[in-house]
Amino acid sequence: MTDLPGLRERKKAKTRAAIRGAAYRLAAEHGWDAATTDRIAEAAEVSPSTVARYFPVREDILLTDEDDDLLEARLRARPAAEEPLESLRAVVVEAVRTALAEEPEETRLRARLMVEIPAVRARLTETTAATGRRLARAIADRTGRDADGLEVRIFTAAVLGALREATVHWAEHGRGDDLVALLNRTVDTLKTGLTDP
């Protein structure tokens, strides 16, 4: 009986992966507008209500994953004396590097749709804010500050917003550059400002 929760979670993960895979295939082949909930459900061999239960907002199929738990855990595991900006750099760059290695086509398609589809970009702003709230708690705990304090919220939102903007830049320019290098340049710009080139 103790294996049942594990089995249930594995089934949920498999269903989420099937829905996400179907959505990416449809979007790549026919465009995001053609990737309706009904068509995604048919391709994933689930019901439309299942798609809606797992992803109440269709754009979340492209944008949300289970990485927030991992990001927060990795942030909390960074060396205590490390600057918060460097800690955020480390965990975000690692996550992006992993995504590019394990799901290169999906990562590039997500970036392209983020630029082309206003609803996807708008939803990305919302999901980034939700991620920011989680990471702000970890930053607050590491720095002895209040997670809802203005400084922590501004810091976390600014860093994640800048990294999101770097990803948009990457997508707008054909996704040919090294995204990890762009993210590192972004953090360096946050540290040094607009110094003379």
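Just so we're clear, the structure is a prediction, and the values are computed from it rather than from any experiment.

Asks: Quick question: what am I supposed to make of the overall build of the protein here?
Replies: Secondary structure summary: the protein contains 10 helices and zero strands in total. For the protein, the succession of helices and strands along the chain, N to C, is α-α-α-α-α-α-α-α-α-α. Relative to the 2.2 N^0.38 estimate, which gives 16 Å for 197 residues, the radius of gyration of the protein is 18 Å and therefore close to what a compact globule would have. Once the C-alpha set of the protein is aligned to its principal axes, its extents read approximately 50 × 50 × 30 Å. Counting all 197 residues of the protein, 38% fall into the buried class. Counting contacts in the protein only where the partners sit at least 6 residues apart, residues at least 24 apart contribute 64% of the total. Accessible surface, the protein: about 11,300 Å² in total, of which carbon and sulfur atoms supply 52%.

Asks: Is there a simple way to explain helix H8 (residues 118-143) in this structure?
Replies: Since the α-helix turns once every 3.6 residues, residues separated by three or four places project in the same direction. Its 26 residues give H8 an end-to-end C-alpha distance of 36 Å, which sits within 8% of 38 Å, the value for a rise of 1.5 Å per residue. Structurally, H8 contributes buried residues whose contacts are with helix H4 (60-63), helix H5 (67-77), helix H6 (84-102), helix H7 (104-116) and helix H9 (150-172). A positive backbone phi angle near 70° is found at Gly 144, which sits one or two residues after H8.

Asks: Would you explain the layout of surface pockets in this entry?
Replies: Any empty space left between atoms is shown by rolling a water-sized probe over those atoms. One number sums up the size of the second largest pocket: a volume of about 280 Å³. Along the walls of the second largest pocket sit 15 residues, with Ala 129, Gly 132, Arg 133, Arg 153 and Ala 157 positioned nearest its centre. Breaking the lining of the second largest pocket down by element, the ones donating at least two residues are H8 and H9. Examining the composition of the lining of the second largest pocket, we find that seven residues originate from one element, H8, more than from any other. Tallied by class, the residues present in the lining of the second largest pocket amount to five nonpolar, five polar and five charged.

Asks: What's the story with the nonpolar core in this structure? I'm lost.
Replies: When a protein is soluble and globular, its nonpolar side chains tend to lie buried together. Ranked by internal contacts, the top residues of the largest apolar core, which has 27 residues, are Leu 75, Val 96 and Leu 183. Contributions of two or more residues to this core are made by H5, H6, H8, H9 and helix H10 (179-192). If near-sequence neighbours (up to four positions away) are discounted, Val 96 is found in contact with Leu 179, Val 180 and Leu 183. The next biggest cluster of nonpolar side chains, apart from the first, holds 24 residues, and it includes Tyr 24, Leu 26, Ala 27 and Trp 32.

Criteria and thresholds
- Residues numbered from 1 in each chain as written.
- Predicted model: local features only at pLDDT ≥ 70, side-chain atom pairs only at ≥ 80, totals over all residues.
- Heavy atoms only, no water.
- Helix = DSSP H or I, 4+ residues; strand = E, 2+ residues; numbered from the N terminus.
- Rg over C-alpha atoms; globule rule 2.2 N^0.38 Å.
- Buried < 20%, exposed > 50% of the residue type's maximum accessible area, 1.4 Å probe, protein only.
- Contact = heavy atoms within 4.5 Å.
- Areas by Shrake-Rupley, 256 points an atom, 1.4 Å probe, with all protein chains shown as cover.
- Expected span 1.5 Å × (residues − 1).
- 1 Å grid on protein atoms, 1.4 Å probe; cavity = no way out; pocket = protein on both sides within 12 Å on 5 of 7 lines; lining within 4 Å.
- Points joined across faces, edges and corners; volume = space filled by probe spheres on them.
- Nonpolar A, V, L, I, M, F, W, Y, C, P; charged D, E, K, R; others polar.
- Core = buried A, V, L, I, M, F, W, Y, C linked by side-chain atoms within 4.5 Å.

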